[in-house]
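Residue-level structure breakdown
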Amino acid sequence: MFDESLLDDPDALSRADIHGLLRGAAESGARVRTAARNAAEAGVTGLRPDGRPRAVLVAGPGPAAGCTADLLTALAGGSAPVTLIRPTGVAPAPGALRWTLPGWTGPLDLLLVASPDGTEPGLAILLEQAYRRGCSVVCVSPAGSPLADATAQARGLAIPLTTSPDEARTGAEPGTGEETQTAERPALLPGPGLLWSLLTPLLVLADRIGLLAGDASEVEALADRLDQVAERCGPAIATYSNPAKTLAAELADTLPLIWTEGELAGAAGRHFATVLSALAGRPALAAELPEALTAHGTLLAGAFAAGADPEDFFRDRVEEPEALHARVVLLREREPDVTSPAPAARELALQRETPVSELQPTDADSPLQTAAELLAITDFAAVYLALASTP
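Here goes a summary of the coordinates provided. (Residues numbered from 1 in each chain as written. Predicted model: local features only at pLDDT ≥ 70, side-chain atom pairs only at ≥ 80, totals over all residues. Heavy atoms only, no water.)

Let's talk about the sheet that holds strand β8 (residues 325–332)
In any sheet, the strands associate via hydrogen bonds between backbone groups, in a parallel or an antiparallel arrangement. Spatial strand order, β7-β6-β8-β9: four strands in an open sheet with parallel pairing. Every interior strand has two partners, whereas the edge strands, β7 (285–288) and β9 (356–359), have only one. Strand after strand, the sheet turns through a mean of 20° between neighbouring axes, direction not considered. On top of the sheet, helix α10 (residues 243–251) reaches β6 (254–261), β8 and β9; it is set at about 150° to β8, its chief contact. In the packing of helix α11 (residues 263–280) onto the sheet, contacts are made with β6, β7 and β8, and the angle to β6 comes to roughly 160°. (Pairing = 2+ DSSP bridges. Helix = DSSP H or I, 4+ residues; strand = E, 2+ residues; numbered from the N terminus. Axes fitted to C-alpha atoms, helices over the stretch in contact; angles between N-to-C directions. Contact = heavy atoms within 4.5 Å.)

Overview of the pairing of strand β1 (residues 56–59)
Burial of the side chains of β1 extends over both faces: Val56 and Val58 are buried on one face and Leu57 and Ala59 on the other. Of the pairings in the sheet, the one linking β1 to strand β2 (residues 82–84) comprises three bridges and is parallel in character. By the bridge assignment for β2, Val58 is matched with Leu84. For the crossover from β1 across helix α4 (residues 63–76) to β2, the handedness is right-handed. In terms of strand pairing, β1 meets strand β3 (residues 110–114) through four bridges, oriented parallel. (Buried < 20%, exposed > 50% of the residue type's maximum accessible area, 1.4 Å probe, protein only. Right-handed = clockwise from strand over helix to strand, strands pointing away.)

Comments concerning the nonpolar core
With 88 residues, the main nonpolar core has Leu112 and Phe272 as its most contacted residues. Among the elements that line this core, the one with the most residues is helix α14 (residues 367–387), at 15 residues. What Leu112 contacts, discounting residues up to four positions off in sequence, is Val56, Leu57, Val58, Ala59, Leu72, Val138, Leu202 and Leu205. One finds Leu126, Leu127, Cys135 and Ala150 within the second-largest nonpolar core, a separate group that totals 19 residues. (Core = buried A, V, L, I, M, F, W, Y, C linked by side-chain atoms within 4.5 Å.)

Some words on the pairing of β9
Residues of β9 alternate between two faces, with Ser357 and Leu359 buried on one and Val356 and Glu358 left unburied on the opposite face. In this sheet, β9 lies alongside β8 in parallel orientation, the contact comprising four bridges. Opposite Val328, over in β9, you have Val356 as the bridge partner. As a crossover connection, the stretch from β8 through helix α13 (residues 342–351) into β9 is right-handed.

Section: the sheet that holds β2
In space, the five strands of this open sheet follow the order β2-β1-β3-β4-β5, with parallel pairing throughout. The sheet terminates laterally at β2 and β5 (157–160), the two strands that pair on one side only. With direction set aside, neighbouring strand axes in the sheet form an average angle of 20°. Strand direction decides the pairing type here: β3 and strand β4 (residues 136–141), joined by five bridges, are parallel. Across the sheet, the residue bridging to Leu112 is Val138, located in β4. Contacts between α4 and the sheet are confined to β1, β2 and β3, with β2 contributing the most and set at about 165° to the helix. Sitting on the sheet, helix α6 (residues 146–153) is in contact with β3, β4 and β5, with an inclination near 160° to β4.

Things to note about the packing of helix α9 (residues 216–233) against α14
Working note: a packed helix pair is described by the angle between its axes plus the distance between those axes. Taken N-terminus to C-terminus, the directions of α9 and α14 make an angle of 30°; their axes are 9 Å apart at the nearest point. Considered as vectors, α9 and α14 are oriented roughly parallel to each other. Classified by chirality, the crossing of α14 by α9 is right-handed. Residues Glu218, Ala221, Leu222, Arg225, Leu226, Val229, Ala230, Arg232 and Cys233 of α9 pack against Leu368, Gln369, Ala372, Glu373, Ala376, Ile377, Phe380 and Tyr384 of α14. (Parallel < 35°, antiparallel > 145°, perpendicular 65-115°, else oblique. Left-handed = near helix turned anticlockwise from the far one by under 90°.)

Some points on unusual backbone geometry
Along the chain, Leu289 connects to Pro290 via a cis peptide bond; the corresponding omega equals 0°. Positive phi, close to 60°, is recorded for Arg155, a residue that is not glycine. You can see Arg155 is positioned in the loop between α6 and β5. The exposure class assigned to Arg155 is exposed, which follows from its relative accessible area of 70%. One non-glycine residue with positive phi stands out, namely Asp363, at about 55°. Counting through the fold element by element, Asp363 comes out in the loop between β9 and α14.

Purely spatial values, then, with no claim about function.
Below, the structure written as structure tokens:
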């Protein structure tokens, strides 16, 4: 059940937010500034690379590594291929995961490791592989963690992870492996804000090696944009003027079909589907336009279509949960032009009587700001949906 009245009660939201998710989303801008300073102090801004790497490989536990690889791919614009190294293992626990370098990896490549925990033996083994092959290594992990030590042994660059006081209090003590995760929020699931702690140092590094524009002014503008979104989407802002609360209310008791236009919107859409499932416990499907019209078209005509009810119309429904119906969420990077598939998407949804929510950045001056606004608003929406939902 979704209690929409909770959205306009800041005190009730605060009481429901036992994991500090809203605080994590609101402090994203501050995290970016601190993470950029940590990267500079670690020596990233002083690097003098010979040129771009042949390929960039990204590894790490949980969904943050996938989103990092997605965003670097979109922001790099083809200047170098970005490959996500997916882990294997019998469980999503730090000690069970293993990563393996592709066979073609060599001295011309760059390995980026992002770990909010820093205790994964499998990542330490990956760093040893990279060292043997002459591959450059940069790691973002908690200071003093086993992974930071393994990075130094592999002659890589270790950047301390920026954490909040709450994370420092509830997470693992560096090097002990005694992390205190809960059943409600696994340790491998970083909350809103932690993604920027992992991503920001890598953006600064990517600027130094010529993959994308991420100098000091760009990073400061990114932090400012995240602060602006936090002001627009904060718990004190009423639902009618709060895009995140509005989106959360629209998605209540629906199956979100997240249709994206553009590479940055695609990365944000996939991340949104992940956090909706992981934080709010809501199923969600993401696909890029125009392929989404074919991939999800049948969903709009089947059991998830608006008004679909194959059972007896006159039966008693008082004790039954309301059926999920599809709702399209259009994520765009910019206003649609004549080549945009967005009008066709709206037309298909209209024909199938499916409601549509739309989200695009407002006056974004750079790709980084575009990504920041889409990610931040959808993160806030997922948190509000989680807090206002009851079992």
